[in-house]
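# A look at the structure
One-letter residues, chain by chain:
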Amino acid sequence: MSAPKFAIGNWKMNGLRADQSEIDALIAAHPDPRCGVVICPPATLIADLARKSGDSNLSIGGQDCHAGASGAHTGDISAEMLADAGAEYVILGHSERRTDHGETDDEIATKVAAAWRAGLVAVLCVGESEAERDAGATLSVLSRQIAGSLPDGADPTRTIIAYEPVWAIGTGRVAETAQIAEAHRALREDLSKRLGAAAASAIPILYGGSVKPANAAEIFSVPNVDGALVGGASLKAADFGAIIAALDSA
Ligand code: PGA
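The notes below deal with the structure included here. (Residues numbered from 1 in each chain as written. Predicted model: local features only at pLDDT ≥ 70, side-chain atom pairs only at ≥ 80, totals over all residues. Heavy atoms only, no water.)

### Some details on the overall build of the protein
Scanning the protein from N- to C-terminus turns up eleven helices and eight strands. Taking 2.2 N^0.38 as the reference for a compact globule, 250 residues should give roughly 18 Å; the C-alpha atoms of the protein span a radius of gyration of 17 Å, in line with that estimate. Principal-axis analysis of the C-alpha atoms gives the protein an extent of 45 × 45 × 35 Å. The proportion of buried residues among the 250 residues of the protein is 50%. (Helix = DSSP H or I, 4+ residues; strand = E, 2+ residues; numbered from the N terminus. Rg over C-alpha atoms; globule rule 2.2 N^0.38 Å. Buried < 20%, exposed > 50% of the residue type's maximum accessible area, 1.4 Å probe, protein only.)

Rendered as structure tokens:
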């Protein structure tokens, strides 16, 4: 069984209520995509966008969650709260959280478990820094991150992996297709050793890092690439729509 395909937009800390017209345009232009389409807006917009996406094929996700369900954690949001607001997905372990907030693999694993507990699909991000790639450590970094941040018992229907080389995020630099192919093959093998071949082949492995309409088709032609996690280009309906169309025709 091959993995379902996904185009996931990560709006990061962008988006005011006035920007919702981009979602209207996206739904109008792509009423029936074959791939899964998910937008992860800032938490302030989740409920509004979940309402707006209604019966469309667009789903909504969060960008982080706390490991606990509730409690004295000022400023944090639980997976249960994301689900309550209408989210079905949550991005976890993004390199900006690993860097800006010092998130460790152990901590990320507890968040992935929290996402599953709340019935969300966890979109777990892994990826090497430029220094790690230059040191020839890319595949060992990916193995370590998967071993440390993916808890046991992953259900393929609730798990998506995003390979995002840190040096390609927001930089306009895209990994070469051979680099993407090597990383995705290694990730599939790690998942297979951990979960068995059938479960591993059912887990989508997305590429992320400066995916744009102009490079999407080439990236989607790489073996073991099941879609994209898109930052900057997901903010404009026309650009994200072109990436969705490229994935649908891959
Ligand atoms: P980018 O971001 O597409 O703007 O490079 C990707 C991401 O951080 O998920």
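### Structural notes on the layout of surface pockets
Once rolled over the atoms, a probe with the size of a water molecule shows which space is left empty. By volume, the largest pocket is sized at about 620 Å³. In this structure, the largest pocket is lined by 23 residues; those nearest its centre are Lys-12, Gln-63, Asp-64, Arg-97 and His-101. (1 Å grid on protein atoms, 1.4 Å probe; cavity = no way out; pocket = protein on both sides within 12 Å on 5 of 7 lines; lining within 4 Å. Points joined across faces, edges and corners; volume = space filled by probe spheres on them.)

### Some remarks on the site of the ligand
By nearness alone, 13 residues border the ligand, and Lys-12, His-94, Glu-164, Gly-170 and Ser-210 come closest of all. Contacts to the ligand include His-94, whose side-chain N or O atom sits 2.7 Å from an oxygen atom. When the ligand sits alone it has 280 Å² of accessible area, and the protein chains cover 97% of it. Classifying every residue of the shell around the ligand by side-chain character gives four nonpolar, seven polar and two charged. (Near = heavy atom within 4 Å. Polar contact = N/O pair within 3.5 Å; in protein donor to acceptor, adjacent residues only side chain to side chain. Areas by Shrake-Rupley, 256 points an atom, 1.4 Å probe, with all protein chains shown as cover. Nonpolar A, V, L, I, M, F, W, Y, C, P; charged D, E, K, R; others polar.)

### A look at the environment of Thr-44
Along the chain, Thr-44 turns up in the loop between β2 (36-40) and α2 (46-53). For Thr-44, a relative accessible area of 68% gives the class exposed. Taking the C-alpha atoms as reference points, Thr-44 and Gly-15, separated by 29 residues in sequence, lie 8.9 Å from one another.

### Section: empty space enclosed by the protein
On inspection of all chains with the given rule, the structure shows three cavities of 30 Å³ or more. In this model, the largest cavity occupies a volume close to 70 Å³. Taken together, Leu-26, Ile-27, His-30, Pro-31, Pro-33, Val-37, Ser-56, Asn-57, Leu-58 and Ile-244 form the lining of the largest cavity. Residue composition of the lining of the largest cavity, grouped by class: seven nonpolar, three polar and no charged.

### Overview of the packing of helix α10 (residues 213-220) against helix α11 (residues 237-248)
One way to put it is that α10 packs onto α11 with a least axis distance of 9 Å and a crossing angle of 20°. The angle between α10 and α11 falls in the class roughly parallel. Between α10 and α11 lies a crossing whose hand is right-handed. Of the residues in α11, those touching α10 at Pro-213, Ala-216, Ala-217 and Phe-220 are Asp-239, Ala-242, Ile-243, Ala-246 and Leu-247. Taken together, the residues that form the contact of α10 with α11 break down as eight nonpolar, no polar and one charged. (Axes fitted to C-alpha atoms, helices over the stretch in contact; angles between N-to-C directions. Parallel < 35°, antiparallel > 145°, perpendicular 65-115°, else oblique. Left-handed = near helix turned anticlockwise from the far one by under 90°. Contact = heavy atoms within 4.5 Å.)

### Describing the sheet that holds strand β7 (residues 205-208)
Overall, parallel pairing links the eight strands, which are arranged β1-β2-β3-β4-β5-β6-β7-β8 in a closed barrel. Each strand axis lies, on average, 25° off the axis of its neighbour in the sheet, ignoring direction. Sheet topology places strand β6 (residues 159-163) next to β7; three bridges connect them, and they run parallel. When the sheet's bridge partners are listed, Ala-162 is paired in β7 with Leu-206. Sheet strands in contact with helix α8 (residues 177-195) are β5 (121-126), β6 and β7, and its direction is about 150° off that of β7. (Pairing = 2+ DSSP bridges.)

### Some remarks on unusual backbone geometry
Notably, Lys-12 is not glycine yet its phi reads approximately 55°, a positive angle. Tracing the chain through its elements places Lys-12 in the loop between β1 (6-10) and α1 (21-29). Backbone geometry places Ser-210, a non-glycine residue, at a positive phi of 60°. By secondary structure assignment, the location of Ser-210 is in the loop between β7 and α10.

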